[in-house]
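# Results of the structural survey
Letter by letter, the chains look like this.
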Amino acid sequence: SNSNNSSSSNNNNFNPSPMPAPSPAPKAPLHRSSSSASNGAPSPEEPLELKLAQQRLSPGNYLVHFTRVGPQQRWGFVWDAQALEKRQVRILDKLSPKTISDAWAKDHPTVLRPGDELVRVNGIGDRLEKMTVALTGNLIVCEFRRANATSAP
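Residues numbered from 1 in each chain as written. Predicted model: local features only at pLDDT ≥ 70, side-chain atom pairs only at ≥ 80, totals over all residues. Heavy atoms only, no water.

What follows is about the overall build of the chain. Within the chain, the regular secondary structure consists of six helices and five strands. Scanning the chain from its N terminus toward the C terminus, one meets helices and strands in the order α-α-α-β-β-α-β-α-β-α-β. Expressed as a percentage of the 153 residues in the chain, the buried residues total 35%. (Helix = DSSP H or I, 4+ residues; strand = E, 2+ residues; numbered from the N terminus. Buried < 20%, exposed > 50% of the residue type's maximum accessible area, 1.4 Å probe, protein only.)

Shown next as structure tokens:
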């Protein structure tokens with residue numbers, strides 16, 4: 001009830017000019033997820049991230065960390081439907097515009113590439129169904145395998 005009270009009274013009395021102060025709030029996790037992953041700033045939500053970041057990665061694999069406020073914010077991964085159906089693997093096809101992954105990719109243009117395979121979510125990689133469930137969370141650490149990693153010597 002406190003937030004309800006402050007938003008209705010403050011909008012009338014405190015903000016006479018149309019300041020878009022509340023509107024950038026949903027975007028904050030996008031930038032925080034990318035900056036906290038790169039500068040290592042501790043946050044109460046990151047024990048999972050830190051634990052997973054320390055696990056051994058296979059050569060050619062990389063981790064990407066994302067956070068969101070809730071499921072109304074979409075991650076934005078579009079998977080290759082044929083690979084998913086026939087081989088039970090998640091191959092990145094593209095990123096949906098105006099989603100968390102799309103915003104992150106604009107800041108990190110060389111990281112997520114079409115053809116890369118999602119091999120683990122939050123350390124889970126043994127079953128597609130478990131990975132799907134992990135993707136419904138609000139903090140995900142995705143391990144991708146580079147599309148060309150298999151052709152490396």
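Moving on, we get to the packing of aromatic side chains. One pass over the structure, following the stated rule, counts seven aromatic pairs. Ring centres 6.1 Å apart and planes at 45° place the aromatic pair Phe-66 and Trp-75 in the tilted group. Since its relative accessible area comes to 7%, Trp-75 is described here as buried. Measuring from centroid to centroid gives 6.4 Å for Trp-79 and Phe-144, while their planes differ by 25°, and the two rings are stacked. In this pair, Trp-79 sits in strand E2 (residues 77–79) while Phe-144 sits in strand E5 (residues 139–145), placing the two residues 65 residues apart along the sequence. The class of Trp-79 is buried, set by a relative accessible area of 14%. An aromatic cluster is defined as three or more aromatic residues linked by ring pairs; in this entry it consists of Tyr-62, Phe-66, Trp-75, Phe-77, Trp-79, Trp-104 and Phe-144. (Phe/Tyr/Trp six-rings, centres within 6.5 Å; stacked < 30°, edge-to-face > 60°.)

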